[in-house]
Amino acid sequence: MTKISIITINYNDLVGLEKTFNSVDSQSNTDFEYIVIDGGSTDGSKEFLEQNSDKLAYWISEKDSGVYNAMNKGIKAAKGDYVMFLNSRDFLIDTTIIDKVIKDLDGSTAIYYGNLIYSLNGVNTQLWSPPDTLSFTYFLSDSLPHPASFIKRELFETHFYYSEHFKIVSDWEFFIYSICKMNVSYKHLDYVISNFDNSGMSSVKENLIKIEAEKQQVFETHFPLLLDDIKVLKDGNSQRFKQYQAIKSNKFKFTLLKGLMSLLLLFQPKVKMKRYITKI
């Protein structure tokens, strides 16, 4: 049977740690391992882990260099086939969800991802249901719900661990690289798996500039030949892009447009047309 490693990252958030821990500890199916990486908290988190160490496969409380350094520690300590990150304040949607997920993880797929509920100050605000089919364009502005994703642990050995020089986008980098460049298999589990506390650093408006800067570095590193295309695709405010999206949303008009373009090319073979979107 496929085994899951649930990993929680925590730093000075005892209330959030207890909330996350309880949601994991109350699962009806306990055939998984639970790992907690604490960054040397001084608010009682370490003592809480000591008191509950019998329910943890592994835990540590020591200073780290950042979130992704802590996440990498968790991956390296994990022994499960798949790893899942459920950080402090996030929690599993109910007591039977791991049992449901385990039945769907047959080991044949590299990344499984489910749906997620955003919450703020304990109030549910939004349902995030990613598409069944992923694309490079999708990842330009979005990612996968990390607290509702199950990643084959061996991918980190095969590809790379989370980039610790980034502050916000390393999980997104891993997803876009693995799926869009390495073409790993993926599957959408179309049900809610967890509740995500939407007050983290990636959710703060002031960090949007930082996020874009880090994403640009990822594009330059992994997709250098697509930089010009990415610039065009990301320019969602341009009139041409809006028109294209409007036409594409209407299947009949889109088919008609492609037919007209084919006729133009047939009667004007010498006309050179710059293709911004290479695959239709």
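See the structure printed just above.
These notes cover the structure that comes with them. Please read all numbers here as calculations on a predicted model, not as lab measurements. (Residues numbered from 1 in each chain as written. Predicted model: local features only at pLDDT ≥ 70, side-chain atom pairs only at ≥ 80, totals over all residues. Heavy atoms only, no water.)

### Points about the packing of aromatic side chains
Our working rule: Here the aromatic set is Phe, Tyr and Trp, taking the six-membered ring for Trp, and pairing holds for ring centres within 6.5 Å; pairs whose planes are under 30 degrees apart are stacked, those over 60 apart are edge-to-face, and all others are tilted. The helix count covers DSSP runs of H or I at least four residues long, the strand count covers runs of E at least two residues long, and both are numbered beginning at the N terminus. Note on exposure labels: buried denotes an accessible area under 20% of the residue type's maximum, exposed denotes more than 50%, and partly exposed covers the range between, all computed with a 1.4 Å probe on protein chains only. Geometrically, a lysine NZ or arginine CZ counts as sitting over a ring once it is within 6 Å of the ring centre and also within 35 degrees of the ring normal.
Under the definition given, this model contains 18 aromatic pairs. When the ring of Tyr-118 is compared with that of Phe-196, the centres are 5.6 Å apart and the planes differ by 65°; the resulting orientation is edge-to-face. Linking Tyr-118 in strand 6 (residues 111-120) with Phe-196 in strand 9 (residues 186-197), this pair joins segments that are 78 residues apart in sequence. Looking at Tyr-118, the relative accessible area reads 16%, which means it is buried. Given a relative accessible area of 17%, Phe-196 falls into the buried group. Ring centres of Tyr-138 and Phe-139 lie 5.3 Å apart, and the angle between their planes is 80°; this geometry places the pair in the edge-to-face category. You'll find Tyr-138 and Phe-139 in the same group, each marked buried. Each residue in the set Tyr-68, Phe-85, Phe-156, Phe-160, Tyr-161, Tyr-162, Phe-174 and Tyr-177 is aromatic and connected to the rest through ring pairs, giving one cluster. Geometry around Tyr-161 places Lys-76 over its ring, the cationic atom sitting 5.1 Å from the centre. If you follow Lys-181 out to its NZ or CZ, it ends over the ring of Phe-223, 5.9 Å from the centre.

These values are about where atoms sit, not about what they do.
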